[in-house]
Amino acid sequence: MFTLPQEESRAPAPCPSPASTQDLDSNYGDGLERERSRKPDWKLPELCDSTTMLSPDSSYLSSRGRVIKWFWDSAEEGYRTYHMDEYDEDKNPSGIINLGTSENKLCFDLLSRRLSQSDMLQVEPSLLQYPDWRGHPFLREEVARFLSFYCKSPAPLKPENVVVLNGCASLFSALATVLCEVGEAFLIPAPYYGAITQHVYLYGNVRLVCVYLDSEVTGLDTRPFQLTVEKLETALQRANSEGVKVKGLILINPHNPLGDIYSPGELRDYLEFAKRHELHVMVDEVYMLSVFEKSAAYRSVLSLEGLPDPQRTHVMWATSKDFGMSGLRFGTLYTENRDVATAVASLCRYHGLSGLVQYQMAQLLRDRDWINQVYLPENHARLKAAHSYVAGELRALGIPFLSRGAGFFIWVDLRKFLPEATFKEETLLWRRFLDNKVLLSCGKTFECKEPGWFRLVFSDKAHRLCLGMRRVRQVLEGTSQVAEEPPSCQTEEPRSRHREM
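Residues numbered from 1 in each chain as written. Predicted model: local features only at pLDDT ≥ 70, side-chain atom pairs only at ≥ 80, totals over all residues. Heavy atoms only, no water.

Q: Break down the overall build of the chain for me, citing the residues and quoting the values.
A: Scanning the chain from N- to C-terminus turns up 15 helices and 13 strands. Out of the 501 residues belonging to the chain, those deemed buried represent 58%. Summarising the internal contacts of the chain: among those between residues at least 6 apart in sequence, 76% fall at separations of at least 24. For the chain, the exposed surface amounts to about 20800 Å²; the carbon and sulfur share of it is 50%. (Helix = DSSP H or I, 4+ residues; strand = E, 2+ residues; numbered from the N terminus. Buried < 20%, exposed > 50% of the residue type's maximum accessible area, 1.4 Å probe, protein only. Contact = heavy atoms within 4.5 Å. Areas by Shrake-Rupley, 256 points an atom, 1.4 Å probe, with all protein chains shown as cover.)

See the structure below:
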């Protein structure tokens with residue numbers, strides 16, 4: 001999450017503050033959660049001083065261009081540093097280990113073999129010509145069948161309600177642009193995947209109103225960082241009182257960075273809330289096939305019988321996470337609202353997929369035998385083993401964490417390592433990790449209001465995980481040094497399982 005610049009006038013902006021947490025169990029990552037009743041600060045701090053705004057390197061840009069550049073400059077420091085000093089086992093063993101980017105690097109061997117097979121290599125004239133901007137009909141038919149099966153929809157989903165774009169970032173941007181007027185807003189539970197701020201703002205000038213969650217469990221809550229309808233109502237009322245027009249609600253399920261999985265009852269409650277207030281609901285299900293614990297019991301919103309407001313419910317999915325193809329750029333929207341589908345399809349002129357990629361995606365999605373018998377079982381086993389290794393390392397360090405058995409990351413509580421409970425200290429700890437060649441994502445990036453939470457990505461090969469966790473340990477134990485050779489480690493699934501919540 002990034003604080004939006006003053007130049008763009010008033011809008012909801014986050015104002016995190018430290019919150020105390022009690023009884024957080026370091027073995028299981030249990031925590032406490034409650035909604036803080038405080039009035040958010042909608043006023044935006046300045047983008048930068050006038051000297052910076054008018055500096056020679058930005059004087060060629062429009063005001064929009066300067067804002068866009070500001071997002072890049074303020075958000076990309078860690079990743080620019082990483083790409084200049086990326087770890088390589090042979091060429092750069094003292095380089096930076098990336099435990100910050102949510103990518104699945106565990107199944108390249110499986111994907112490489114499947115994508116190299118002869119049925120993936122067809123080239124025909126129609127694939128080299130302008131397609132239907134919604135996507136080639138053969139692809140939309142496969143997407144509808146794929147989602148019907150894996151989302152367990154009560155009735156077959158319709159190809160005419162499918163639109164394909166080059167990733168979920170484009171979907172967020174397109175939906176925000178066609179659903180909202182300039183300056184309107186979406187509700188979003190926080191912490192959340194911070195890049196959504198840019199996705200909805202840079203083209204559509206749409207804002208986010210945070211529904212702040214914290215780690216203290218009070219009242220009727222049953223888990224840390226729990227979203228409830230009462231918290232949604234409170235955030236909506238505050239926004240309305242400040243003159244902010246809220247047009248929709250964003251839900252991420254399974255959640256990034258918490259790993260939470262919403263139950264069918266919770267999903268229906270959130271959708272009923274949205275219907276009462278005539279809000280659109282954008283549901284990001286990009287991790288739906290990355291639930292590696294069977295007990296997690298994930299359900300897609302498309303599995304619900306009788307959506308409360310199907311014309312305002314829009315579901316996104318992509319291959320970037322579930323199939324480890326973040327570089328291929330394939331995302332899809334399913335919506336019963338034909339006007340929304342048509343408007344988003346118009347923007348596919350700028351966010352479309354090449355015909356060759358569309359053909360490959362159709363071939364992949366229709367290969368149910370490979371997906372069910374080869375890819376998903378092996379992917380889940382590798383995710384589970386990697387998760388178990390990192391969870392064991394965290395327990396050995398006495399570090400509390402949350403993890404629900406879904407996604408590629410663990411939400412880690414490092415608050416006890418902050419001299420003071422401030423975001424300044426959180427940033428200093430983040431820099432110490434980076435200086436010692438391990439990249440993590442700090443809580444402020446996800447608009448967490450409690451300083452000291454970090455997202456740690458575990459979906460990587462064993463030798464990189466071992467070296468990364470060794471460097472994490474060295475930073476936290478105050479023995480920081482770059483280790484060129486990883487220790488031997490064991491990433492097999494342990495016999496005992498950490499408790500689910």
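Structure shown, so let's carry the discussion forward.
Q: Quick one: what's the story with the environment of Val-390, residue by residue and with numbers?
A: Following the sequence through the fold, Val-390 ends up in helix α13 (residues 368-396). As for Val-390 and Leu-456, which are separated by 66 residues in sequence, their C-alpha atoms are 9.0 Å apart. Look past the residues within four positions of Val-390 in its chain and what remains in contact with it is Ile-410, Leu-456, Phe-458, Leu-465 and Met-469.

Q: Give a description of helix α11 (residues 338-351) that names residues and reports values.
A: Between its terminal C-alpha atoms α11 stretches 19 Å, which fits the 20 Å expected from 14 residues at 1.5 Å a residue. Buried residues of α11: Val-340, Ala-341, Val-344, Ala-345, Cys-348 and His-351, and no others. Along its buried surface, α11 packs onto β2 (162-165), α6 (168-179), β7 (313-318) and β8 (331-335). Sitting at the amino-terminal end of α11 is Asn-337, which places a side-chain oxygen 3.0 Å from the backbone nitrogen of Asp-339. (Expected span 1.5 Å × (residues − 1). Polar contact = N/O pair within 3.5 Å; in protein donor to acceptor, adjacent residues only side chain to side chain.)

Q: Before we move on, can you summarise the sheet that holds strand β10 (residues 409-413) with the specific residues and values?
A: Strands pair in a sheet through their backbones, by hydrogen bonds, and they do so in one of two ways: parallel or antiparallel. Strand order in the open sheet formed by four strands is β9-β10-β13-β12, with antiparallel pairing between adjacent strands. At either margin of the open sheet sits one strand with a lone partner, and together these are β9 (401-402) and β12 (441-442). Two elements, β9 and β10, share two bridges in a ladder whose sense is antiparallel. The residue of β10 that forms the bridge with Leu-402 is Trp-411. Here α13 sits on the sheet in contact with β9, β10 and β13 (453-457), set at roughly 10 degrees to β10. (Pairing = 2+ DSSP bridges. Axes fitted to C-alpha atoms, helices over the stretch in contact; angles between N-to-C directions.)

Q: I'd like a rundown of helix α5 (residues 137-150), residues and numbers included.
A: Along its 14 residues, α5 runs 20 Å from first to last C-alpha, staying within 8% of the 20 Å computed at 1.5 Å per residue. What α5 keeps buried is the set Leu-139, Arg-140, Glu-142, Val-143, Ala-144, Phe-146, Leu-147, Ser-148 and Tyr-150. The inward-facing, buried residues of α5 abut β2, β7, β8, α12 (355-366) and α13. A positive backbone phi angle near 55 degrees is found at Lys-152, which sits one or two residues after α5.

Q: Explain the environment of His-255 to me, and be specific about the residues and the numbers.
A: Its location among the elements puts His-255 in the loop between β5 (246-252) and α9 (264-276). You can call His-255 buried: its relative accessible area is 3%. Taking the C-alpha atoms as reference points, His-255 and Pro-189, separated by 66 residues in sequence, lie 9.9 Å from one another. Discounting chain neighbours no more than four positions away, the residues touching His-255 are Pro-189, Pro-191, Tyr-192, Asp-260, Tyr-262 and Phe-409. A polar contact is formed between the side chain of His-255 and the backbone oxygen of Pro-191, at a distance of 3.2 Å. One polar contact links the side chain of His-255 to the main-chain amide nitrogen of Leu-258, over a distance of 3.2 Å.

Q: Let's hear about a negative patch on the surface: which residues, and what values?
A: Together, Glu-86, Asp-88, Glu-89 and Asp-90 line one region of the surface with negative charge. Structurally, the position occupied by Glu-86 is in the loop between α3 (77-84) and β1 (97-98). Classification of Glu-86 by relative accessible area gives partly exposed; the value is 37%. (Patch = residues over 30% accessible without salt bridge, like charges linked within 9 Å, V, L, I, M, F, W, Y side chains within 5 Å. Salt bridge = Lys/Arg side-chain N within 4 Å of Asp/Glu carboxyl O. Lys, Arg positive; Asp, Glu negative; His and termini not counted. Charge placed at Lys NZ, Arg CZ, Asp CG, Glu CD.)

Q: Tell me about the nonpolar core, and name the residues and values.
A: Counting 146 residues, the largest nonpolar core has Phe-146, Leu-187, Phe-323 and Phe-433 as the members making the most contacts within it. Sorting elements by how many residues they give to this core places α13 first, with ten residues. When we break this core down by domain, the ones giving at least three residues each are domain 1 (66-108 + 372-476) and domain 2 (129-367). (Core = buried A, V, L, I, M, F, W, Y, C linked by side-chain atoms within 4.5 Å. Domains from an automatic or database assignment.)

Q: Describe the pairing of β5, naming the residues involved and giving the relevant values.
A: For a regular strand, side chains alternate in direction, first toward one face of the sheet and then toward the other. The element β5 is largely enclosed, with a buried count of six among its seven residues. Here strand β3 (residues 185-190) pairs with β5 via three bridges, running parallel. Bridge pairing links Ala-185 to Val-246 in β5.

Q: Explain the pattern of salt bridges to me, and be specific about the residues and the numbers.
A: Evaluation of the coordinates by the stated rule reveals 24 salt bridges. Between Asp-73 and Lys-69 there is a salt bridge, with the nearest N and O atoms lying 2.7 Å from each other. Of this pair, Asp-73 and Lys-69 both sit in helix α2 (residues 63-75), four residues apart, which is roughly one turn of the helix. The shortest N-O distance in the salt bridge between Glu-142 and Arg-145 comes to 2.7 Å.

Q: Talk me through unusual backbone geometry; I want residue IDs and the actual numbers.
A: For the bond running from Ala-190 to Pro-191, omega is 15 degrees, close enough to zero to count as cis. Mapped onto the fold, Pro-191 is located in the loop between β3 and α7 (196-201). Notably, Asn-205 is not glycine yet its phi reads approximately 55 degrees, a positive angle. Here Asn-205 is to be found in the loop between α7 and β4 (207-212). In this structure, Arg-329 is a non-glycine residue whose phi angle is positive, near 65 degrees.

Q: Quick one: what's the story with the pairing of β3, residue by residue and with numbers?
A: Buried residues dominate β3, accounting for six of its six residues. Neither face of β3 is exposed, since Ala-185, Leu-187 and Pro-189 on one face and Phe-186, Ile-188 and Ala-190 on the opposite face are all buried. Alignment of β3 against β4, held across six bridges, turns out to be parallel. Of the residues in β4, the one forming a bridge with Pro-189 is Val-211. With α7 bridging β3 and its parallel neighbour β4, the resulting β-α-β unit is right-handed. (Right-handed = clockwise from strand over helix to strand, strands pointing away.)

Q: Could you give me a rundown of the layout of surface pockets, with the residues and numbers involved?
A: By volume, the second largest pocket is sized at about 490 Å³. When residues of the lining of the second largest pocket are traced back to their parent elements, those giving at least two are α5 and α13. With three residues, the single largest contributor to the lining of the second largest pocket is α13. Its residues assigned to classes, the lining of the second largest pocket shows eleven nonpolar, three polar and five charged. Two domains each provide a minimum of three residues to the lining of the second largest pocket, namely domain 1 (66-108 + 372-476) and domain 2 (129-367). (1 Å grid on protein atoms, 1.4 Å probe; cavity = no way out; pocket = protein on both sides within 12 Å on 5 of 7 lines; lining within 4 Å. Points joined across faces, edges and corners; volume = space filled by probe spheres on them. Nonpolar A, V, L, I, M, F, W, Y, C, P; charged D, E, K, R; others polar.)

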